[in-house]
Amino acid sequence: MSLEDWIQKIDNLVWGPWLLVLLLGTGIYLTVRLRFLSVRNLKYAMKCVLGSDKDETRNEYELSATENYKKNKSGKVSSFSSLTTELAATIGTGNIVGVSTAMVLGGPGALFWMVVSGIFGMATKLVESTLAVKYRGKNEKGQTAGGPMYVMEKAFPNRKIGHFLAVSFAVFAVFASFGMGNMTQANSIADALDVTFRVSKANSGLIFTVLTILVVLGGIGFIGKFTQLLVPLMGIIYMAGTITVILFHWKNIPMAMGGIMTAAFSPKAVSGGLFGHLTTSAMDALRWGISRGIFSNEAGLGAAGISAAAADTDDYIKQGYISMTGVFLDTIVICTATGLALASSGVLGALDESGKPLTGTALTLKAFHTVLGDFGECFIAICIVLFAFATIIAWAYQGERAFEFLMRGKVKYNLFYRLLYGFVAFVGCVCPLQMVWNLSDICNGLMAIPNLICVLVLSEEICKEITAREYR
């Protein structure tokens with residue numbers, strides 16, 4: 001058995017049913033323990049994001065674009081910027097490619113289970129982000145630094161076990177930042193530009209290496225300002241395109257919705273109608289919907305807590321709610337829009353030249369081509385570039401904080417990480433990356449284990465705090 005086969009086998013083992021059950025089960029447990037506040041207080045959380053709640057959030061939002069540089073001296077950014085950094089890390093190619101893959105492998109019903117994973121994932125993200133802000137620490141320069149590794153080190157009942165979990169999480173987070181956060185995203189950018197605009201992968205690598213280094217050298221203040229501008233822009237552009245496709249095929253929406261619900265619960269394989277040659281069962285839908293939903297929003301993996309901990313706020317529960325909206329926007333809004341565009345356009349089940357079902361980018365391109373023609377290909381390519389580059393930038397901060405933790409808070413090594421991170425983007429653009437995808441996937445999954453252990457151990461105390469302050 002070759003090395004690649006062994007890595008694939010380990011990947012399948014790590015992301016087996018046991019981890020999906022653990023991730024989803026944790027979300028269900030926390031949702032119940034929080035008395036469904038993660039859902040009931042979603043309106044309040046969105047008000048905080050939009051700056052329309054009745055406290056200081058509005059001022060944070062209004063001032064964040066001009067104050068981030070000053071706050072960078074303390075390692076903090078506004079609550080809104082911390083959210084956009086978190087969203088930049090989660091809203092990536094998975095929202096375009098991941099949804100289409102799930103709906104081919106798991107059928108249209110996979111979309112329903114993606115939404116379900118998002119609903120319960122909000123509770124997980126609320127708790128892990130609240131903990132990250134509450135137990136954040138400082139580096140040697142006195143700058144704010146936080147994330148699950150600090151929670152494990154400071155709050156875990158057994159200090160030795162907590163330290164072991166913290167170091168394990170930080171190591172996996174660093175490797176995940178280079179792999180899933182950087183190389184795989186850079187490869188998606190290079191492929192999109194090569195296929196659509198005939199830009200060589202080497203040229204793409206040079207351009208995005210320089211851009212990555214320039215942005216990440218600015219630190220969290222500049223990263224926060226960058227994502228604050230890029231994330232809303234790319235979200236609006238992509239949602240405009242998907243809504244256009246859905247409205248163009250509005251007559252098919254009832255049939256698409258009915259097919260999604262039927263396929264989500266039918267014990268027998270379903271096919272035909274809008275869904276062409278797809279033949280899938282409810283078990284397929286459940287498996288792929290939950291796995292791709294978790295992969296998309298990263299609830300339970302813990303990385304989002306690193307961005308949340310950078311927020312310039314003392315109200316850690318409120319920041320937990322703000323962070324929670326990332327799951328809602330990522331999975332329940334954007335992934336649902338992508339799925340409805342695919343289902344209503346009638347491209348699901350379409351075959352390629354070799355007679356195999358279209359999937360991934362090719363399937364999404366076909367859906368947009370039904371409305372936008374050849375421009376649809378350019379549109380999706382631009383979206384992939386924006387989404388993937390935003391993910392690269394956001395993961396640079398998350399990986400750097402994990403790396404800094406391993407260096408015991410010594411910031412003098414951060415420059416080495418930032419430069420290396422930029423050059424890794426070039427490698428990602430020019431190299432075939434199937435093995436890197438699998439290795440990165442393994443690191444992502446392994447991050448979840450210490451994080452979920454910590455969240456579950458500390459859940460009683462933090463859930464009491466959250467439920468004692470029910471917002472309206």
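Right above here is the structure, for reference.
Now for a look at the structure at hand. (Residues numbered from 1 in each chain as written. Predicted model: local features only at pLDDT ≥ 70, side-chain atom pairs only at ≥ 80, totals over all residues. Heavy atoms only, no water.)

**Points about the overall build of the protein chain**
Keep this limit in mind: Going along the chain from the N terminus, every DSSP run of H or I of four or more residues is numbered as a helix, and every run of E of two or more is numbered as a strand. In this setup the radius of gyration rests on C-alpha atoms only. A globule is expected at 2.2 Å times the number of residues raised to 0.38. The contact definition used throughout considers only heavy atoms, calling two residues in contact when any of these lie within 4.5 Å. Only the protein chains shown count as covering a residue, and every accessible area follows the Shrake-Rupley method with a 1.4 Å probe. Positive residues here are Lys and Arg, negative ones are Asp and Glu, while His and the chain termini are left out of the count. Charged groups are reduced to one reference atom each: NZ for lysine, CZ for arginine, CG for aspartic acid, CD for glutamic acid.
Broken down by element type, the protein chain carries 20 helices and two strands. Here the C-alpha radius of gyration of the protein chain, 21 Å, is about what a compact globule of 472 residues would show, namely 23 Å. Projected onto the principal axes, the alpha-carbon positions of the protein chain cover approximately 60 × 50 × 50 Å. Long-range pairs, those at least 24 residues apart, make up 82% of the contacts in the protein chain between residues at least 6 apart in sequence. For the protein chain, the accessible area works out to roughly 18700 Å², and carbon and sulfur atoms hold 66% of it. For the protein chain, the distance from the average site of its 38 positive side-chain charges to the average site of its 32 negative ones is 5 Å.

**Remarks on helix α11 (residues 201-216)**
Defined as follows: Every helix has an expected span of 1.5 Å times one less than the residues it contains. For every residue, the accessible area (1.4 Å probe, protein chains only) is compared with the maximum for its type, and the residue is labelled buried under 20%, exposed over 50%, or partly exposed between those bounds. The arc refers to the directions leading from the helix axis to the C-beta atoms.
Over its 16 residues, α11 runs 22 Å from end to end, which matches the ideal 22 Å to within 8%, given 1.5 Å per residue. Residues Ser204, Gly205, Phe208, Thr209, Thr212, Ile213, Val215 and Val216 constitute the buried set of α11. In an axial view of α11, the angular spread of the buried residues amounts to 160°, which keeps them on one side of the axis. Opposite its buried face, α11 presents the exposed residues Leu206 and Leu214, each directed more than 90 degrees away.

**Topic: the packing of aromatic side chains**
Cut-off, in case you're wondering: Paired rings are identified among Phe, Tyr and Trp, the last through its six-membered ring, by centres lying within 6.5 Å, and are further divided according to the angle between planes into stacked (under 30 degrees), edge-to-face (over 60) and tilted (the rest).
According to the stated counting rule, one finds 14 aromatic pairs in the structure shown. Centre to centre, the rings of Tyr238 and Phe387 are 5.4 Å apart; their planes meet at 65°, and the pair counts as edge-to-face. Here Tyr238, found in helix α12 (residues 219-248), pairs with Phe387, found in helix α18 (residues 374-406); they are 149 residues apart in sequence, far enough to count as distant. Classification of Tyr238 by relative accessible area gives buried; the value is 1%.

**Here we look at empty space enclosed by the protein**
For the record, the criterion: Cavity means a closed set of points on a 1 Å grid over the protein atoms alone, one where a 1.4 Å probe fits but cannot get out, pocket means an open set with protein on both sides within 12 Å along at least 5 of 7 lines, and lining means a residue has an atom within 4 Å of a point. Grid points are joined across faces, edges and corners, and a volume is the space filled by probe spheres set on the points.
Per the stated rule, a full pass over the model turns up three cavities of 30 Å³ or more. A volume near 70 Å³ is recorded for the largest cavity. Considering the residues around the largest cavity, the lining is formed by Leu23, Leu24, Gly27, Ser117, Phe120, Gly121, Thr124, Ile294, Asn297 and Ala299. Put simply, the parts of the chain that give the lining of the largest cavity at least two residues each are α2 (17-33), α8 (110-134) and α14 (282-297). Put simply, the second largest cavity is a space of about 50 Å³.

**Observations regarding the nonpolar core**
Inclusion rule: Side-chain atoms within 4.5 Å are what join buried Ala, Val, Leu, Ile, Met, Phe, Trp, Tyr and Cys residues into a set we call a nonpolar core.
Residues Val127, Tyr238, Tyr321 and Ile466 are the most contacted members of the largest nonpolar core, which totals 119 residues. Considering each element in turn, this core owes the most residues, 20 residues, to α18. Once residues within four sequence positions are removed from consideration, Tyr238 is found in contact with Asn95, Ile96, Ile334, Thr338, Phe368, Phe379, Ile380, Cys383 and Phe387. Core analysis: the next-biggest nonpolar cluster, separate from the first, contains 17 residues, Val14, Leu23, Ile290 and Ile442 among them.

**As for the packing of helix α7 (residues 97-105) against helix α16 (residues 316-344)**
Going by this rule: Fitted lines through C-alpha atoms serve as axes, helices being fitted only where they are in contact, and the angles separating the N-to-C directions of these axes extend from 0 to 180 degrees. Roughly parallel means an angle under 35 degrees; roughly antiparallel means over 145; roughly perpendicular covers 65 to 115; every other angle is labelled oblique. The handedness criterion is simple: a crossing whose near helix is rotated anticlockwise from the far helix by less than a right angle is left-handed, and one whose near helix is rotated clockwise is right-handed. Polar here means any residue other than Ala, Val, Leu, Ile, Met, Phe, Trp, Tyr, Cys and Pro, which are nonpolar, and Asp, Glu, Lys and Arg, which are charged; Gly is therefore polar.
Across the interface, α7 lies against α16 with an axial gap of 9 Å and an inter-helix angle of 55°. Comparing their axes, α16 and α7 come out oblique. Considering the relative orientation of α7 and α16, their crossing is right-handed. Contacts between α7 and α16 involve Val99, Ser100 and Met103 from the former and Cys335, Thr338, Gly339, Leu342 and Ala343 from the latter. For the contact of α7 with α16, the residue count by class is five nonpolar, three polar and no charged.

**A few points about the pattern of salt bridges**
Quick reminder of the rule: Whenever Lys or Arg places a side-chain nitrogen within 4 Å of a carboxyl oxygen from Asp or Glu, that contact is recorded as a salt bridge.
Evaluated as defined, the whole model comprises six salt bridges. Residues Lys134 and Glu465 are paired through a salt bridge, measuring 2.4 Å at the closest nitrogen-oxygen approach. Highlighted residues: Lys134 in helix α8 and Glu465 in helix α20 (residues 434-467), separated in sequence by 331 residues. Glu400 is the partner of Arg418 in a salt bridge, and the nearest nitrogen-oxygen pair spans 2.7 Å. Of this pair, Arg418 sits in helix α19 (residues 414-430) while Glu400 sits in helix α18, placing them 18 residues apart in sequence. Each member of the pair, Arg418 as well as Glu400, carries the same accessibility label: buried. By sharing partners, the salt bridges in this structure join Lys134, Glu461 and Glu465 into a single network.

**Points about the environment of Tyr421**
Mapped onto the fold, Tyr421 is located in helix α19. The spatial distance from the C-alpha of Tyr421 to the C-alpha of Val216 is 8.8 Å, given a sequence separation of 205 residues. Ignoring any residue separated from it by four or fewer positions in sequence, one finds Tyr421 in contact with Ser177, Phe178, Gly181, Asn182, Thr212, Ile392, Trp395 and Ala396.

**Description of a nonpolar patch on the surface**
Note the cut-off: Like charges are joined within 9 Å and nonpolar side chains (Val, Leu, Ile, Met, Phe, Trp, Tyr) within 5 Å, but only among residues with over 30% relative accessible area and no salt bridge; these make up the patches.
A surface patch of nonpolar side chains, amounting to about 390 Å² of accessible area, comprises Ile28, Val32, Phe36, Val39 and Ile119. On the secondary structure map, Ile119 appears in helix α8. Look at Ile119 and you get partly exposed, because its relative accessible area is 32%.

**Comments concerning the packing of α8 against helix α13 (residues 253-265)**
Interhelical geometry of α8 versus α13 gives an angle of 80° and a closest axis separation of 7 Å. By the angle between their axes, α8 is roughly perpendicular relative to α13. Across from Leu111, Phe112 and Trp113 in α8, the residues of α13 making contact are Ile260, Met261, Ala264 and Phe265. Residue composition of the contact of α8 with α13, by class: seven nonpolar, no polar and no charged.

**A look at α19**
Here α19 contains 17 residues, and its C-alpha end-to-end distance of 25 Å stays within 8% of the 24 Å for a straight helix at 1.5 Å per residue. Within the sequence span of α19, burial applies to Asn414, Tyr417, Arg418, Tyr421, Gly422, Val424, Ala425, Gly428 and Cys429. Projected down its long axis, α19 carries its buried residues within an arc of 155°, all on one side. Along α19, exposed side chains directed more than 90 degrees from the buried face belong to Phe416 and Phe423.

**Brief notes about unusual backbone geometry**
Of note in the backbone geometry, Arg35 takes a positive phi value of approximately 55° without being a glycine. Position of Arg35 relative to the elements: it lies in the loop between α2 and α3 (37-40). One non-glycine residue, Arg408, adopts positive backbone phi at about 60°. Looking at where Arg408 falls in the secondary structure, it is placed in the loop between α18 and α19.

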